[in-house]
Amino acid sequence: MCSRWVVLTFCCLGQLCADQSLKPQLAASQLATNNPTLTTVALEKPFCMFDSSLSPNKSYIIYLYAMKESASAISSLVTNNSSKPLDSTFQQTSGGQLGPYKAALFKVPNCASPPTLADVGDVNKVSDVLKRYLFRVGDDGTCLYDPNFLGVCNPPLAPDTTYRFKYVLLDTTEGIVKGQTLWSDPIKTRRVKLPLKIDTWPGRRSGDMIVITSILSVLVFLLLAGFLASVSSAVMGSDNSAKTRCMSQTIQQSELRPQLSSE
């Protein structure tokens, strides 16, 4: 009963259930903040999407395909005439511009054992929960430039670019596709914001920032005023002492003159 409640909870949180959607979805904002980024997109793994296509005593794996939105007009197929999955790469498709490319492969998520709410709240288990729950497209910044890399390359996505994604279920025993989702809705990476376009107008700042700025300005003013006052006091003091010494010498000289004249 508890596990069923957890599954239903995650369905509501991240739209994990197959009857709700048969297309990749952005990861829930509670687990993936700032998503998408400039070069990555965090997607929910396909929990419970392919359960009806799984057979006992067989081995399966999930392929994730990605393509730019503009490529959908060229070709969005991820299988050939023999139901074999395409092995097109990021380089071969110009980063998804010419069609879908294989961005990742991983085990079929266990629908009977999704991440639990208790694990999400446990700091020691958060990393494992995120790995089980989501996949981040564009998270490998080195595979394109590593001549010894032999796996599926998942290089950074292009900023300010719209992509679509698709999950495919592969029967590794027969090497054929047994199921696939629809292409995701368009998902756009963030745009690079030029420094000259960053809004620094105080009206865009938070109240806390304005208060802190005001306090710092007052403190700087007081320190500067104190410094000027101390310098002025020191200068005036030196002038007064010089005048006093001058007057003292004048008085002494005037007292000495009568004595000399009497002698």
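Note that the structure is a prediction, hence the values are computed from the model and not measured. (Residues numbered from 1 in each chain as written. Predicted model: local features only at pLDDT ≥ 70, side-chain atom pairs only at ≥ 80, totals over all residues. Heavy atoms only, no water.)

A. Examining the overall build of the chain more closely. Looking only at helices and strands, the chain has 4 helices and 7 strands in total. When the helices and strands of the chain are read in sequence order from the N terminus, they spell out α-β-β-β-α-α-β-β-β-β-α. (Helix = DSSP H or I, 4+ residues; strand = E, 2+ residues; numbered from the N terminus.)

B. A look at the state of the cysteines. All told, the structure shown has 2 disulfides when counted by the stated rule. Disulfide pairing is shown between cysteine 48 and cysteine 111; the S-S distance is 1.9 Å. Across the S-S bond linking cysteine 48 and cysteine 111, the dihedral sits near 90°, which makes this disulfide right-handed. Residue cysteine 48 is found in the loop between β1 (41-44) and β2 (60-68), and its partner cysteine 111 is found in the loop between β3 (101-106) and α2 (117-120); the two are separated by 63 residues along the sequence. (Disulfide = S-S within 2.5 Å.)

C. Up close: the pairing of β2. Taken across its 9 residues, β2 has 9 buried, putting it largely inside the fold. Along β2, one buried face is formed by Tyr60, Ile62, Leu64, Ala66 and Lys68 and the opposite face, lined by Ile61, Tyr63, Tyr65 and Met67, is buried too. Sheet topology note: the β2/strand β5 (residues 162-171) ladder contains 9 bridges and is antiparallel. Of the residues in β5, the one forming a bridge with tyrosine 63 is valine 168. (Buried < 20%, exposed > 50% of the residue type's maximum accessible area, 1.4 Å probe, protein only. Pairing = 2+ DSSP bridges.)

D. Representation of the pattern of salt bridges in the model. Following the criterion strictly, the structure yields 8 salt bridges and no others. A salt bridge links lysine 23 to aspartate 185; the nearest nitrogen and oxygen atoms lie 3.0 Å apart. In this pair, lysine 23 sits in the loop between α1 (2-14) and β1 while aspartate 185 sits in the loop between β6 (176-180) and β7 (187-188), placing the two residues 162 residues apart along the sequence. Exposure remark for lysine 23: the relative accessible area of 21% places this residue in the partly exposed category. The class for aspartate 185 is partly exposed, based on a relative accessible area of 41%. In this structure, aspartate 160 engages arginine 191 in a salt bridge whose closest nitrogen and oxygen atoms are separated by 3.5 Å. Placement of aspartate 160 in the loop between β4 (134-137) and β5 and of arginine 191 in the loop between β7 and α4 (207-262) is noted, with a sequence separation of 31 residues between them. Classification of aspartate 160 as partly exposed rests on a relative accessible area of 32%. By relative accessible area, which is 61% here, arginine 191 ends up exposed. One connected set of salt bridges, linked through shared partners, spans Lys58, Asp171, Glu174 and Lys178. (Salt bridge = Lys/Arg side-chain N within 4 Å of Asp/Glu carboxyl O.)

The analysis is restricted to geometry; functional conclusions fall outside its scope.
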